[in-house]
Structure formats: structure tokens, C-alpha cells
Amino acid sequence: MEKGSLLYEGKAKKVYATDDPELLIVSYKDDATAFNGLKRGTIEGKGVINNRMSNVLMRWLEKEGIPTHFVKELGDRDTLVKKVQIVPLEVIVRNVAAGSFAKRYGVEEGIAFESPTVEFSYKNDALGDPLLNEYHALVLGLASREEIDLIKALSFRINDLLKAFWRERGVTLADFKLEFGRLPDNSVVLADEISPDTCRLWDSETGKKLDKDRFRRDLGGVEEAYREIMGRLEQQETGLK
């Protein structure tokens with residue numbers, strides 16, 4: 001399937017029309033941003049890794065009963081997906097204190113929670129993606145009560161699956177961001193991506209960061225970390241196809 005007109009360009013991806021109005025092509029870039037776009041750079045090969053990892057994990061999650069927008073991988077950077085209306089809620093699932101959570105609440109980074117927690121933020125770049133609760137989401141008309149309940153249930157299920165997946169590969173899933181979308185029939189599916197850009201992935205033994213935090217925090221070895229986490233995924237990828 002060929003790319004049509006460019007419909008949208010975001011921080012990490014471009015979205016193109018196709019000859020099917022219900023399908024789009026997502027193309028992953030090497031561009032990197034942090035802190036709501038205040039920090040910008042390039043991570044060589046990131047687009048290829050994020051595309052591949054997202055597709056492997058989306059296919060696997062579908063087999064585990066999680067509905068997604070994934071249709072078909074078209075190439076190193078390009079994937080065919082179902083057209084969705086993105087629910088303007090970013091869902092952050094946290095298993096370990098890290099990042100903004102640790103800073104916001106004065107909690108030492110690395111402390112594991114007794115049970116996972118979910119945060120919502122309003123997906124709005126102009127406002128800086130502010131945190132909000134379910135009642136805010138309802139009064140702002142961002143999602144219905146049924147959608148919020150479903151999104152929470154799916155997010156916790158995805159967390160259980162991904163934690164076990166990465167544990168088998170010697171990786172701790174500290175936290176991650178999800179986005180969901182509505183299909184034309186108003187059913188809700190997992191959208192966006194699952195990658196080192198959207199997940200905090202730490203080596204279980206050393207605590208080494210194998211994700212975008214190496215870019216955010218100027219830790220160095222960013223490309224090497226992305227390649228390493230992709231290598232961990234591919235160790236047992238055969239069973240995921």
C-alpha cells in the first residue's frame with residue numbers, strides 16, 4: 001500500500017493517508033524531543049527500532065486479547081494501522097517511582113510500588129499535557145465513563161502482560177505511557193506505540209536505563225541503549241509471531 005498525502009507530523013512520527021479511508025500509514029522518525037519539546041535532538045536508528053518493537057508487541061498483545069490499531073508492518077519505518085480518533089488522554093502506568101512522579105512527590109527514584117498506579121494527563125501540547133483526574137476528563141468531554149473504565153482495565157492488563165514479558169528478558173518495566181483511539185464503531189483500541197520512547201526500561205540487575213531517559217538526562221550511550229533493548233526483545237521473539 002502506497003503513502004498518500006501527509007496528514008500529520010508529530011514529534012516522533014508522520015501519518016499518511018492511503019487509498020483506504022479507514023487505514024493510515026505511520027512512519028517513525030529519528031527525531032527526539034523531551035520536556036514538551038524544549039529539548040530536541042536525533043537518535044540514529046530510533047525510528048526503525050521503535051517501529052519494529054511496537055509492531056512485535058502490538059501483535060503479541062492482540063493474541064493476548066488486547067485490541068489494537070495495528071494492521072501490518074510495511075517496512076523498516078512504516079506501519080499500516082487502522083484510522084482512529086485518538087482519545088485525548090495520555091495514560092501513564094507506574095510500577096516504580098521514577099521521572100516526574102519521583103520529582104513531584106519527593107519520592108526516591110527506584111522504589112517499587114506495592115501495586116501499580118495509573119495517571120491521566122490531558123493530551124494537549126499547548127497546555128503542557130497537564131495531569132487530570134477522571135472527573136476532569138468527564139466534565140471536559142474527553143471520554144465517557146464507560147471509556148474511562150475500559151481504558152483503565154486495558155491499561156492494567158497491558159501492564160501485567162508487559163511486566164512479565166520484560167521480566168523474562170532481564171528488564172524492569174518501571175513505567176510507560178499508553179494512548180487509545182476510537183474506531184468508527186466507537187470501540188476503543190490501543191493506539192500510538194510501545195517503545196523505548198514511551199517506556200522506562202531498566203536492566204533488572206544493574207538498573208541501567210535502556211530508554212529515552214538516556215537522552216532526557218544526557219547520560220550518553222543513547223543509540224547503544226536502544227539497540228540493546230531491541231536485542232533483549234529479539235532474544236525470544238520467535239514465540240511472539
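Each value, and the rule that gives it
Residues numbered from 1 in each chain as written. Predicted model: local features only at pLDDT ≥ 70, side-chain atom pairs only at ≥ 80, totals over all residues. Heavy atoms only, no water. Pairing = 2+ DSSP bridges. Helix = DSSP H or I, 4+ residues; strand = E, 2+ residues; numbered from the N terminus. Axes fitted to C-alpha atoms, helices over the stretch in contact; angles between N-to-C directions. Buried < 20%, exposed > 50% of the residue type's maximum accessible area, 1.4 Å probe, protein only. Contact = heavy atoms within 4.5 Å. Patch = residues over 30% accessible without salt bridge, like charges linked within 9 Å, V, L, I, M, F, W, Y side chains within 5 Å. Areas by Shrake-Rupley, 256 points an atom, 1.4 Å probe, with all protein chains shown as cover. Salt bridge = Lys/Arg side-chain N within 4 Å of Asp/Glu carboxyl O. Polar contact = N/O pair within 3.5 Å; in protein donor to acceptor, adjacent residues only side chain to side chain. Core = buried A, V, L, I, M, F, W, Y, C linked by side-chain atoms within 4.5 Å.

1. Topic: the sheet that holds strand E3 (residues 23-28)
An order of E1-E2-E3-E7-E6 is seen for the five strands of this open sheet, with the pairing classed as antiparallel. Each having just a single partner strand, strand E1 (6-9) and strand E6 (70-73) make up the two edges of the open sheet. Between one strand and the next, the sheet's axes are offset by a mean angle of 25°, whatever the strand orientation. Pairing analysis gives three bridges linking E1 to strand E2 (residues 13-17), with the strands arranged antiparallel.

2. Topic: the environment of Leu6
Tracing the sequence through the fold places Leu6 in strand E1. Judged by its relative accessible area of 43%, Leu6 falls in the partly exposed class. Sequence separation between Leu6 and Ile43 is 37 residues, and the spatial gap between their C-alpha atoms is 23 Å. In this structure Leu6 touches Lys14, Val15 and Tyr16, once residues within four positions along its chain are discounted.

3. What to know about a nonpolar patch on the surface
Together, Tyr135, Leu138, Val139 and Leu140 make up an exposed nonpolar region whose accessible area comes to about 450 Å². Within the fold, Val139 resides in helix H3 (residues 134-139).

4. Focus on unusual backbone geometry
Note: most peptide bonds trans; most residues except glycine with negative phi. Of note in the backbone geometry, Asp129 takes a positive phi value of approximately 50° without being a glycine. By secondary structure assignment, the location of Asp129 is in the loop between strand E10 (112-122) and strand E11 (131-132). Taking relative accessible area as the criterion, Asp129 reaches 15% and is therefore assigned buried. Residues other than glycine seldom take positive phi values, yet Asp218 does so here, at roughly 55°. Mapped onto the elements, Asp218 comes out in the loop between helix H5 (213-216) and helix H6 (222-234).

5. Some points on the pattern of salt bridges
Pairing between side chains of opposite charge can happen when the charged atoms of each approach one another. Within the structure shown, the criterion is met by 32 salt bridges. Between Asp197 and Lys46 there is a salt bridge, with the nearest N and O atoms lying 2.7 Å from each other. With Asp197 in the loop between strand E13 (188-191) and strand E14 (199-203) and Lys46 in helix H1 (residues 46-63), this pair connects stretches of sequence that are 151 residues apart. Residues Asp197 and Lys46 agree in their burial class; the two are buried. Close ionic contact of Glu224 with Arg227 constitutes a salt bridge, the shortest N to O distance being 3.9 Å. Of the two residues, Glu224 and Arg227 are both situated in helix H6; the distance of three residues between them amounts to about one turn of the helix. Taken together, the shared-partner salt bridges connect Arg94, Arg104, Glu109, Glu119, Asp175, Arg200, Lys209, Asp213, Arg216 and Arg217 into one network.

6. A look at the side chain of Thr79
As for its placement among the helices and strands, Thr79 is situated in strand E7 (residues 78-82). A relative accessible area of 2% places Thr79 in the buried class. Engagement of the side chain of Thr79 in a polar contact is seen with the side chain of Asn51, the distance being 2.5 Å. A distance of 2.7 Å separates polar atoms of two side chains, one belonging to Thr79 and the other to Asn55.

7. Things to note about the nonpolar core
Counting residues in hydrophobic clusters, the biggest one holds 48 residues, and the most contacted among them are Leu57, Ile158, Leu162, Trp166, Phe180 and Leu190. Setting aside chain neighbours within four positions, we find Ile158 in contact with Leu61, Ile66, Phe176, Leu178, Phe180 and Leu190. In terms of nonpolar packing, the next biggest core, distinct from the first, is built from five residues, Val15, Leu24, Tyr28 and Val81 among them.

8. Thoughts on the environment of Glu119
Structurally, Glu119 can be placed in strand E10. Placed 14 residues apart in sequence, Glu119 and Asn133 show a C-alpha to C-alpha distance of 7.6 Å. Excluding anything up to four places from it in sequence, Glu119 contacts Glu90, Val91, Ile92, Arg94, Phe101, Arg104, Tyr105 and Leu131. A distance of 3.3 Å separates the side chain of Glu119 from the side chain of Arg104, its partner in a polar contact.

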